[in-house]
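Structural description and commentary
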Amino acid sequence: MDDLVINWFPGHMKRAMDQITEHIRLCDAIIYVLDARAPLSCLNPGFNELLMRKPVLFVLNKIDLAPDGTLDLFRKHQKGTVITLNSRVSGTSKKIVSGLNKLLHERLAAAKAKGITRPIRAIVIGVTNSGKSTLINNLAKKGKTKTGDRPGVTRTKQWVATNESLLWVLDTPGTLWPKLDNQRVAQNLCFIGSIKGDVVDIVELAKILMSRVGDEAIIKRFGTTCFDEIKHRRGKQDDEQTARAILGDFREGRLGRICLDFT
Ligand SMILES: Nc1nc2c(ncn2[C@@H]2O[C@H](COP(=O)(O)OP(=O)(O)OP(=O)(O)O)[C@@H](O)[C@H]2O)c(=O)[nH]1
Ligand SMILES: [Mg+2]
């Protein structure tokens, strides 16, 4: 079961990585959006060098779908300024603005002393489907950016003015990395919907997910841990439909608040 091989790096992602590298120069800070259900798996090794160039605000987004304690566990693995967010609720922009202010405190004070009131420019990066555009829409004054529960919704970069008149954010397309050599990470990215389900055997994927989330959560939802029994109980569904239902339940939080890293 564990030899399900996932590899995924469409050409447009190479272009997106190149664009991000180019635009980071124009920015004061990086907002790095990670899915709190697999935050370590969302860390792109291709960004390591970029993260050293500018101050980084790590955002554990979709925190409503992850268990308590996820932030503390993440902090054990990653140094830096981290906030948690549920971007689906309004009013979260304050947390981002205060995080950025903390991060850029000295620079902002120096600029103010010189009478410079240039806006803060932040670039928003992260894997596909981590909620970058949703987070930006929470900040946006107008010209909302497109969101959707599938990978690859944002195809081009986009500057957005925010309600905080001194903050501009740049939305970017989601990016993965060319060599997903850790298959556990690749599987996690499939479970959270960052890698399209159609590049893998979805039934196998659902069965792996069931073993990863554990019997307790599966029994609570389905009354059994047997895939065929779940299929049987759901009526006329075939294997693939059952698998999609199980993956969908996980993605929408119906299996409970789960984090796939740190286990
Ligand atoms: N539960 C929950 N869902 C969220 C949150 N943030 C975003 N979503 C959902 O996640 C899905 C993806 O959101 P997008 O904002 O389009 O993600 P993205 O990172 O811009 O995706 P790409 O443009 O494809 O890279 C949407 O269905 C959002 O409603 C959150 O904090 N909690
Ligand atoms: Mg987007």
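Residues numbered from 1 in each chain as written. Chains lettered and ligands numbered in written order. Predicted model: local features only at pLDDT ≥ 70, side-chain atom pairs only at ≥ 80, totals over all residues. Heavy atoms only, no water.

1. Regarding the packing of aromatic side chains
Between two aromatic rings, the relevant description is the distance of the centres plus the angle of the planes. Enumeration according to the criterion identifies three aromatic pairs in this entry. An angle of 85° between the planes, with centres 5.7 Å apart, marks the rings of Tyr 32 and Phe 47 as edge-to-face. Taken together, the residues Tyr 32 in strand 1 (residues 29-35) and Phe 47 in the loop between strand 1 and helix 2 (48-51) connect sequence positions 15 residues apart. The buried category is assigned to Phe 47, whose relative accessible area is 0%. Taken together, Tyr 32, Phe 47, Phe 58 and Phe 74 form an aromatic cluster joined through their ring pairs. Cation over ring: Lys 207 sits above Phe 227, and NZ or CZ is 5.0 Å from the ring centre. (Phe/Tyr/Trp six-rings, centres within 6.5 Å; stacked < 30°, edge-to-face > 60°. Helix = DSSP H or I, 4+ residues; strand = E, 2+ residues; numbered from the N terminus. Buried < 20%, exposed > 50% of the residue type's maximum accessible area, 1.4 Å probe, protein only. Lys NZ or Arg CZ within 6 Å of the ring centre and 35° of its normal.)

2. Re the confidence of the model for the protein chain
Per-residue pLDDT for the protein chain has a mean of 86; in total, 84% of the residues score no lower than 70. Taking the mean pLDDT of every element in the protein chain, the minimum, 62, falls on strand 5 (residues 158-161) and the maximum, 98, on strand 2 (residues 56-61). (pLDDT = per-residue confidence, 0-100.)

3. Remarks on the pattern of salt bridges
In total, this model carries nine salt bridges according to the counting rule given. Residues Asp 35 and Lys 62 are paired through a salt bridge, measuring 4.0 Å at the closest nitrogen-oxygen approach. Of the two residues, Asp 35 is situated in strand 1 and Lys 62 in the loop between strand 2 and helix 3 (70-77); the sequence distance between them amounts to 27 residues. The class of Asp 35 is buried, set by a relative accessible area of 0%. For Arg 244, the salt bridge identified is with Glu 240, shortest N-O distance 3.5 Å. Of this pair, Arg 244 and Glu 240 both sit in helix 11 (residues 239-251), four residues apart, which is roughly one turn of the helix. Using a relative accessible area of 44% as the deciding quantity, one classes Glu 240 as partly exposed. Sharing partners across several salt bridges, the network here consists of Asp 35, Arg 37 and Lys 62. (Salt bridge = Lys/Arg side-chain N within 4 Å of Asp/Glu carboxyl O.)

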